[in-house]
Amino acid sequence: MAEHAGRRCCLGWDFSTQQVKVVAVDAELNVFYEDSVHFDRDLQEFGTQGGVHVHEDGLTVTSPVLMWVQALDIILEKMKASGFDFSQVLALSGAGQQHGSVYWKAGASQVLASLSPDLLLHEQLQTSCCLDRGSGANSPHHTGPLQPSRTLLRVPPSGISSWDVMPPGDAGKACFSISDCPVWMDSSTTAQCHQLEATVGGAQALSCLTGSRAYERFTGNQIAKLYQQNPEAYSHTERISLVSSFAASLFLGSHSPIDYSDGSGMNLLRIQDKVWSQACLGACAPHLEEKLGLPVPSCSVVGAISSYFVQRYGFPPGCKVVAFTGDNPASLAGMRLEEGDIAVSLGTSDTLFLWLQEPTPTLEGHIFCNPVDPQHYMALLCFKNGSLMREKIRDELASSSWSEFSKALQSTEIGNCGNLGFYFDVMEITPEIIGRHRFSAENHEVSAFPWDVEIRALIEGQFMAKKIHAEGLGYRVMPKTKILATGGASHNRDILQVLADVFGTPVYVIDTANSACVGSAYRAFHVSFSFISMLVLLEYTARIHNEEEIQ
């Protein structure tokens, strides 16, 4: 208990796909407390798998909004029971899974503003959406008044529709227009994507305007689907939040604005002048601007913490709430990227995070407003054929041994004597292509390479593709550029040596566990106490720990 007492700190939250997590970071930027609630394990009554409900069409994917609220309740109660000293929290910020959306029903703002410290949040925000569809006020099985219940969600996932309107008669506490909200895994809005691109003059025009071509998971297309399929639910909605701004709203006790960085993942925000695109809004739904509210810089203090948290948990009344953002932008802050840096996650799929000053949006990848510097941008590139492709070639050619795989990289020359290969056993995202394609030094397509040449061709080809696509988005290697590598393949020094050779810049290995949480706490310090913390942050940025530099 004493360990958590008297230590001034900021909190960083992460409302991700599978869990809600929190870290506490002190003034020296050390993490001294963390906890999490895993949805499938700790909230089994919601019936999620991987934190979501996959619907019968295989395309619609949603999550119960009250599950996120109850997870927050559980963590806060655990912190309180552990003796965590909330009075020392100077500020907090957080992250949410990108693209997901929450639909606040008319009257929700009054409920948020009048929360009772005697009750948990989910007890006050839950409504008859938490009961099964056969027990509503109009059901023949309903025999008495509806009462709040601590046991939530009795409907199996296959029976839940993301577009269900709340039944009437909810005792004045109907807070959400729909109970299950669309999340980033949803791919059911292809028709709406085509409509949006056609409205603004095509995919490239939309990308130049909003940073990305139309994607099914992006929020604007999800809103368009809701409006088209359930106009009644849409009309009952007073505010549409992203998962990030929804979480911030809980702490504020009022609707929090959407920040520029997470707002960039909606196909709605003009990334150059950072206002909503009227053309995109009009293509999605009527009166959408008033339901979204005005976006704000990611480095904004959006208000002081709600009196609910002051009275129930002992937060100081002056605790600042810094705008919550998306999990990817928050990770950029957590990995301490600076202008010109690259973060490469070498996992099941490979992901590049880039810090850009002058972006050039294309049909591949995403440009977001930078969550740390409002004058700059960040780019995100995803490659589906990552570690699974590397493991497949290892198994085929190196006797399933990473040691033999590394020997092939060590024994072949940089540049592979002009032999080049691109390997896509599953349909790639960037670009959309499938198959294995090998080219000799004479630029002739060939059917195979010697085993060691094949392995180097795979790794060099993967990293060359990343560099080419990054440059296509406006990225340029600078004298101070460094690459921060994470993920399973970052443990293989020979793979990282190829990465350093292709980009011509040093590579460091970093630990990005909790990067979205930690990045949120960093942002809270940065925004709220920049006159003190920026010096510490800049010093800390230089401390790339755990691994030596790879040149």
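Within every chain, residues take consecutive numbers counted from 1 along the sequence as written. The predicted nature of this model means local features are confined to residues of pLDDT at least 70 and side-chain atom pairs, given and counted, to a pLDDT of 80 or more, with totals for whole chains, interfaces and linings taken over all residues. Only hydrogens and water are removed before side-chain values are computed, so all heavy atoms of the structure are retained for them.

1. Digging into the overall build of the chain
Point 1. Within the chain one finds 20 helices and 23 strands.
Point 2. For the chain, with 551 residues in total, the buried portion stands at 58%.
Point 3. Throughout, a contact is declared for two residues whenever any of their heavy atoms are within 4.5 Å. Counting only contacts in the chain whose residues sit at least 6 apart along the sequence, the fraction spanning at least 24 positions is 71%.
Point 4. Per-residue and other accessible areas follow the Shrake-Rupley method at a 1.4 Å probe size, with only the shown protein chains counted as cover for residues. Carbon and sulfur atoms provide 52% of the accessible area of the chain, an area that totals close to 20,700 Å². Comment: elements are numbered from the N terminus, with helices defined as DSSP H or I runs of at least four residues and strands as E runs of at least two. Burial classes: relative accessible area under 20% of the type maximum marks a residue as buried, over 50% as exposed, and values in between as partly exposed (1.4 Å probe, protein chains only).

2. Things to note about empty space enclosed by the protein
Point 1. Cavity and pocket criteria rest on a 1 Å grid covering protein atoms alone: a 1.4 Å probe that fits but cannot get out defines a cavity, protein on both sides within 12 Å along at least 5 of 7 lines defines an open pocket, and an atom within 4 Å of a point defines a lining residue. Grid points are joined across faces, edges and corners, and a volume is the space filled by probe spheres set on the points. Tallied over the full model, the rule gives three cavities of 30 Å³ or more.
Point 2. In this structure, the largest cavity spans a volume of roughly 100 Å³.
Point 3. For the largest cavity, the lining is made up of 13 residues, of which Asn385, Phe424, Gly461, Gln462 and Ala465 are closest to its centre.
Point 4. When residue character is reported, Ala, Val, Leu, Ile, Met, Phe, Trp, Tyr, Cys and Pro are called nonpolar, Asp, Glu, Lys and Arg charged, and the others, Gly included, polar. The class makeup of the residues in the lining of the largest cavity is six nonpolar, five polar and two charged.

3. Details of the packing of aromatic side chains
Point 1. In this scheme Phe, Tyr and Trp rings, the latter by its six-membered ring, pair at centre separations within 6.5 Å, and the angle between planes marks the pair as stacked below 30 degrees, edge-to-face above 60, and tilted otherwise. What the rule picks out here adds up to 18 aromatic pairs.
Point 2. Taken together, a centroid distance of 5.5 Å and an interplanar angle of 40° make the contact between tryptophan 104 and phenylalanine 246 tilted. One end of the pair, tryptophan 104, is in strand β7 (residues 101–105); the other, phenylalanine 246, is in helix α9 (residues 243–252), and 142 residues separate them in sequence. The two residues tryptophan 104 and phenylalanine 246 agree in class, both being buried.
Point 3. Centre to centre, the rings of tryptophan 402 and phenylalanine 405 are 5.0 Å apart; their planes meet at 75°, and the pair counts as edge-to-face. Taken as a pair, tryptophan 402 and phenylalanine 405 lie in helix α16 (residues 402–411) at a separation of three residues, close to a single helical turn.
Point 4. Of the residues examined, phenylalanine 405 reaches a relative accessible area of 0% and is grouped as buried.
Point 5. An aromatic cluster of at least three residues, connected via ring pairs, comprises Trp13, Phe32, Tyr33, Phe84, Phe86, Phe251, Tyr308, Phe309, Tyr313, Phe315 and Phe324.
Point 6. In this scheme, Lys NZ or Arg CZ marks a charge over a ring once it lies within 6 Å of the ring centre and within 35 degrees of the ring normal. Over the ring of tyrosine 215 we find arginine 213; its NZ or CZ atom is 4.2 Å from the centre of that ring.
Point 7. Sitting over the ring of tyrosine 215, arginine 217 keeps its end group 5.0 Å from the ring centre.

4. Observations concerning the sheet that holds strand β23 (residues 507–509)
Point 1. Pairing in this open sheet of six strands is mixed, and the strands run β17-β18-β16-β15-β22-β23 from one edge to the other. Looking at the sheet topology across the chains shown, the edges are occupied by β17 (366–369) and β23. Pairwise comparison of adjacent strand axes, ignoring direction, gives a mean angle of 20° for this sheet.
Point 2. Direction of pairing for strand β16 (residues 350–356) relative to strand β18 (residues 377–383): antiparallel, over a ladder of seven bridges. Along β18, the bridge assignment pairs threonine 351 with cysteine 382.
Point 3. Fitting a line to C-alpha atoms yields each axis, with helices limited to the stretch in contact; the angle taken between N-to-C directions then spans 0 to 180 degrees. Contacting β16 and β18, helix α14 (residues 327–334) crosses the sheet at an angle of about 110° to β18.
Point 4. Set on the sheet, helix α17 (residues 451–472) makes contact with β15 (342–346), β16 and β18; between it and β18 the angle comes to about 145°. When DSSP locates at least two bridges between a pair of strands, those strands are taken to pair.

5. Some words on the sheet that holds strand β4 (residues 53–54)
Point 1. One open sheet holds the three strands; their spatial order is β4-β5-β8, and the pairing between them is antiparallel. Strands at the two margins of the open sheet, each flanked by one partner only, are β4 and β8 (180–182).
Point 2. In this sheet, strand β5 (residues 61–64) lies alongside β4 in antiparallel orientation, the contact comprising two bridges. Bridging across to β5, histidine 53 finds its partner in threonine 62.
Point 3. Here helix α2 (residues 65–82) sits on the sheet in contact with β5 and β8, set at roughly 40° to β5.

6. A closer look at the nonpolar core
Point 1. In terms of nonpolar packing, the biggest core is built from 127 residues, with Trp13 and Phe315 touching the most fellow members.
Point 2. In terms of residues, this core owes the most to one element, α2, which gives ten residues.
Point 3. Lining this core are residues from two domains, each supplying at least three of them: domain 1 (41–76 + 90–128 + 173–323) and domain 2 (336–511). By nonpolar core is meant a set of buried Ala, Val, Leu, Ile, Met, Phe, Trp, Tyr and Cys residues that side-chain atoms within 4.5 Å join together. Each domain's extent was defined by an automatic or database domain assignment.

7. Details of the pairing of strand β9 (residues 237–242)
Point 1. Judged by how many residues are buried, β9 sits mostly within the fold: five of six residues are covered.
Point 2. As paired elements, β7 and β9 share five bridges and run antiparallel to each other. Of the residues in β9, the one forming a bridge with lysine 105 is threonine 237.

8. Concerning the side chain of aspartate 180
Point 1. Its place among the elements puts aspartate 180 in strand β8.
Point 2. Judged by relative accessible area, which is 1%, aspartate 180 ranks as buried.
Point 3. Side-chain polar atoms of aspartate 180 contact the side chain of histidine 53, separated by 2.6 Å.
Point 4. Side-chain atoms alone can form a polar contact between residues adjacent in sequence; in general such a contact is a pair of N or O atoms within 3.5 Å, and within protein one must be able to donate a hydrogen while the other accepts it. Within the structure, aspartate 180 has its side chain in polar contact with the side chain of threonine 62 (distance 2.8 Å).

9. Section: the packing of α17 against helix α18 (residues 493–503)
Angle between the axes and distance between the axes: these two values describe a pair of packed helices.
Point 1. Here α17 crosses α18 at 45°, and the two axes come no closer than 9 Å. The angle between α17 and α18 places the two elements in the oblique class. Viewed along their axes, α17 and α18 form a crossing whose handedness is right-handed. Contacts from Arg456, Ile459, Glu460, Phe463, Met464, Lys466 and Lys467 of α17 reach α18 at Ile495, Val498, Leu499, Val502 and Phe503.
Point 2. Residues belonging to the contact of α17 with α18 are distributed by class as follows: eight nonpolar, no polar and four charged. Should an angle lie under 35 degrees it is considered roughly parallel, over 145 roughly antiparallel, and from 65 to 115 roughly perpendicular; all remaining angles are considered oblique. Each helix crossing is assigned a hand: it is left-handed if the near helix lies turned anticlockwise from the far helix by less than a right angle, otherwise right-handed if that turn is clockwise.

Geometric values such as these leave the question of function open.
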